[in-house]
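Spelled out from the first residue to the last, the chains are:
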Amino acid sequence: MKRYFLVTGIILLTAFGFTRLRPGKKVNEPYCKNELPGEKGLRDYYKNYFPIGVAIAPRDLKGDEASLIISQFNSITPENAMKMGVIHPEENRYNWKDADQIVDFAQQHHIGVRGHNLCWHAQAPRWMFRDSAGNLVSKEVLLQRLKEHITTVVNRYKGKLYAWDVVNEAIADDSAQFYRNSLWYKICGDEFIAKAFEYAHAADPKAVLFYNDYNTEVPAKRQKIYTMLKKLLAEGVPVNGIGLQGHWSVNNPSKEALEKSIELFSSLGLQVQITELDVSVYGGHQGGQLVSSGFHRDTASAFTPEMEQQQLEKYKMIFDVLRKYKKQITGVTFWNLSDRYSWLDGRGRKNYPLLFDKNLQPKKAYWAVVDF
Ligand code: G3I
């Protein structure tokens, strides 16, 4: 009898112990809700593919958000801290505070940093384009200012950043125009693009230099970007990669369109990175611009089961494709950390575009992305 109890006890203890010791067993099947991520982070699941990054602000460097970054990601992009208007608000004044904090955090936790960005039509300070009387400056003056800006910023973080988005969004969405009619273009023509890459390369020859844009799966825009990159490469301009921003949605892009973009751009010998990934729960092309300044972080617009399912499927398709092209893809970065805050909330309604929910818990889409 004693022996019977002993054997039964051992069997029960063993079974119980196993169940408790293996809480991760079920997490990948089939995308269970409310499971904590296991010991593995996104970067571990993707260690044989590409680094996984996230765009962050200084507010993310503490508390549960910092823990989530450290446990999941091996690359960081400052969401706004390195943009010209933030880091160089006046001609003779640089504001390093936010960018330094982010780079220090990354170094402390052995996380790589992508710099974003050196030349963009948006978030550029007014002083850059004007003289003291308020008139537009000449091309020579503007290129000299651009050179000074790029040289100073790239030098400061030299050896601490592995890549830079050098020129951002220089191509027009409008089919009637080739280049965006920004002040950069109005004053310099397209020359500012080549110059920006040359200045960045001179300051840090080891940094991988990207041209970065959105709607790169829209055929007409894709073709214009391709033509521009081909020309830059033919002229010997030091561009090393194309950033597909990846502001996508539940019905965009198609698998075919995404594959076509990766194949086309990598045929130029360029690295391809997805630099600003999110999947809006509202359909259509997101583009890259804010259309409303009113933030709606806690409005009633719900994350419905239908959105959840569509988003999961889109994320699964995207990552299936990215893994398939692992030779061409050298990095994938999410634009913001969790649904607690997304830049898309500034478009008039709450969005839920990321892999972590407002409580920083992995969504079903997370498990779809790591289930391969
Ligand atoms: O910092 C000020 C704050 O002091 C002020 O009180 C507040 C009032 O609105 O504005 C704050 O600045 C905002 C800034 O984000 C920081 O939150 C700006 O208004 C707002 O325009 C800015 O938006 C950023 C946007 O770029 C600017 O176009 C988003 O955070 C950022 O996610 C977004 O990122 C871009 C990429 O760099 C390039 N690709 C598209 C992508 C999405 O637009």
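Each remark here, short or long, concerns the structure printed above.
Residues numbered from 1 in each chain as written. Predicted model: local features only at pLDDT ≥ 70, side-chain atom pairs only at ≥ 80, totals over all residues. Heavy atoms only, no water.

Overview of the overall build of the protein chain
Then, number 1: When helices and strands are tallied, the protein chain shows 12 helices and nine strands.
Then, number 2: Looking at the protein chain as a whole, 52% of its 372 residues are labelled buried.
Then, number 3: Counting only contacts in the protein chain whose residues sit at least 6 apart along the sequence, the fraction spanning at least 24 positions is 78%.
Then, number 4: As displayed, the protein chain offers around 16,800 Å² of accessible surface, 53% of which is attributable to carbon and sulfur atoms. (Helix = DSSP H or I, 4+ residues; strand = E, 2+ residues; numbered from the N terminus. Buried < 20%, exposed > 50% of the residue type's maximum accessible area, 1.4 Å probe, protein only. Contact = heavy atoms within 4.5 Å. Areas by Shrake-Rupley, 256 points an atom, 1.4 Å probe, with all protein chains shown as cover.)

A short note on the nonpolar core
Then, number 1: Within the largest apolar cluster, 103 residues are counted, with the highest numbers of intra-cluster contacts made by Leu42, Trp164, Val167, Tyr211, Leu229, Phe319 and Phe334.
Then, number 2: Top contributing element to this core by residue count: helix 8 (residues 191-203), with eight residues.
Then, number 3: If we skip the residues at most four places from it in the chain, Phe319 touches Tyr46, Phe50, Ile52, Leu277, Val332, Phe334 and Val369.
Then, number 4: Ala55, Trp335, Tyr341 and Leu344 belong to the second-largest nonpolar core, a separate cluster that totals five residues. (Core = buried A, V, L, I, M, F, W, Y, C linked by side-chain atoms within 4.5 Å.)

Some points on unusual backbone geometry
Then, number 1: Residue Asn117 follows His116 across a cis peptide bond; omega there is -15°.
Then, number 2: When you line up the elements, Asn117 lands in strand 3 (residues 112-120).
Then, number 3: The amide bond that connects Asn252 to the next residue, Pro253, takes the cis arrangement and shows omega of 5°.
Then, number 4: The phi torsion at Asn215 lies on the positive side, around 55°, for a residue other than glycine.

A few points about the environment of Arg114
Then, number 1: When you line up the elements, Arg114 lands in strand 3.
Then, number 2: Accessibility expressed as a relative area gives 1% for Arg114, which makes it buried.
Then, number 3: Arg114 sits 161 residues away from Thr275 along the chain, and the two C-alpha atoms are 9.1 Å apart.
Then, number 4: When neighbours within four sequence positions are excluded, Arg114 is seen to be in contact with Ser75, Ile76, Thr77, Pro78, Leu161, Tyr162, Ala163, Asp165, Phe210, Gln273, Thr275 and Thr333.

Focus: the pairing of strand 4 (residues 163-168)
Looking down a regular strand, the side chains alternate between one sheet face and the other.
Then, number 1: Summarising burial for strand 4: six of the six residues are buried, a large majority.
Then, number 2: Across five bridges, strand 3 lies against strand 4 in parallel orientation. Pairing of Trp120 across the sheet is with Asn168, part of strand 4.
Then, number 3: For strand 4 and strand 5 (residues 208-213), the ladder comprises five bridges, and the chain directions are parallel. Counted as the bridge partner of Ala163 is Val208 from strand 5. (Pairing = 2+ DSSP bridges.)

Some remarks on the packing of helix 9 (residues 219-234) against helix 10 (residues 255-266)
Then, number 1: Here helix 9 crosses helix 10 at 10°, and the two axes come no closer than 11 Å. With respect to their mutual orientation, helix 9 and helix 10 come out roughly parallel. Together, Arg222, Gln223, Ile225, Tyr226 and Leu229 of helix 9 and Ala257, Lys260, Ser261, Leu264 and Phe265 of helix 10 make up the contact between the two elements.
Then, number 2: Split by residue class, the contact of helix 9 with helix 10 holds six nonpolar, two polar and two charged. (Axes fitted to C-alpha atoms, helices over the stretch in contact; angles between N-to-C directions. Parallel < 35°, antiparallel > 145°, perpendicular 65-115°, else oblique. Nonpolar A, V, L, I, M, F, W, Y, C, P; charged D, E, K, R; others polar.)

Examining the packing of aromatic side chains
Then, number 1: Enumeration according to the criterion identifies 20 aromatic pairs in this entry.
Then, number 2: With 6.5 Å between their ring centres and 70° between their planes, Phe73 and Phe334 make a pair best called edge-to-face. Of this pair, Phe73 sits in the loop between helix 3 (63-72) and strand 2 (75-78) while Phe334 sits in strand 9 (residues 329-334); the two residues are 261 residues apart in sequence, bridging distant segments of the chain. An identical accessibility class is assigned to Phe73 and Phe334; each is buried.
Then, number 3: Look at Phe178 and Tyr179: their rings are 4.8 Å apart centre to centre, the planes differ by 70°, and that puts the pair in the edge-to-face class.
Then, number 4: Judged by its relative accessible area of 12%, Tyr179 is buried. (Phe/Tyr/Trp six-rings, centres within 6.5 Å; stacked < 30°, edge-to-face > 60°.)

Quick notes on the environment of Thr151
Then, number 1: With respect to the helices, strands and loops of the structure, Thr151 is situated in helix 6 (residues 139-156).
Then, number 2: Judged by its relative accessible area of 28%, Thr151 is partly exposed.
Then, number 3: Through-space distance from the C-alpha of Thr151 to that of Ala200 is 6.5 Å; in sequence the pair is 49 residues apart.
Then, number 4: From its side chain, Thr151 meets the backbone oxygen of Lys147 in a polar contact 2.6 Å long. (Polar contact = N/O pair within 3.5 Å; in protein donor to acceptor, adjacent residues only side chain to side chain.)

A closer look at the pattern of salt bridges
Then, number 1: Counting across every chain of the model gives 23 salt bridges.
Then, number 2: The residue Arg93 makes a salt bridge to Glu90 at a minimum N-O spacing of 3.1 Å.
Then, number 3: The class for Glu90 is partly exposed, based on a relative accessible area of 43%.
Then, number 4: We note a salt bridge from Lys364 to Glu308, for which the minimum N-O separation is 3.6 Å. Of the two residues, Lys364 is situated in helix 12 (residues 364-370) and Glu308 in helix 11 (residues 305-324); the sequence distance between them amounts to 56 residues.
Then, number 5: The partly exposed category is assigned to Lys364, whose relative accessible area is 25%.
Then, number 6: A relative accessible area of 11% means that Glu308 is categorised as buried. (Salt bridge = Lys/Arg side-chain N within 4 Å of Asp/Glu carboxyl O.)

Scope: geometric values only; no functional claims are made or implied.
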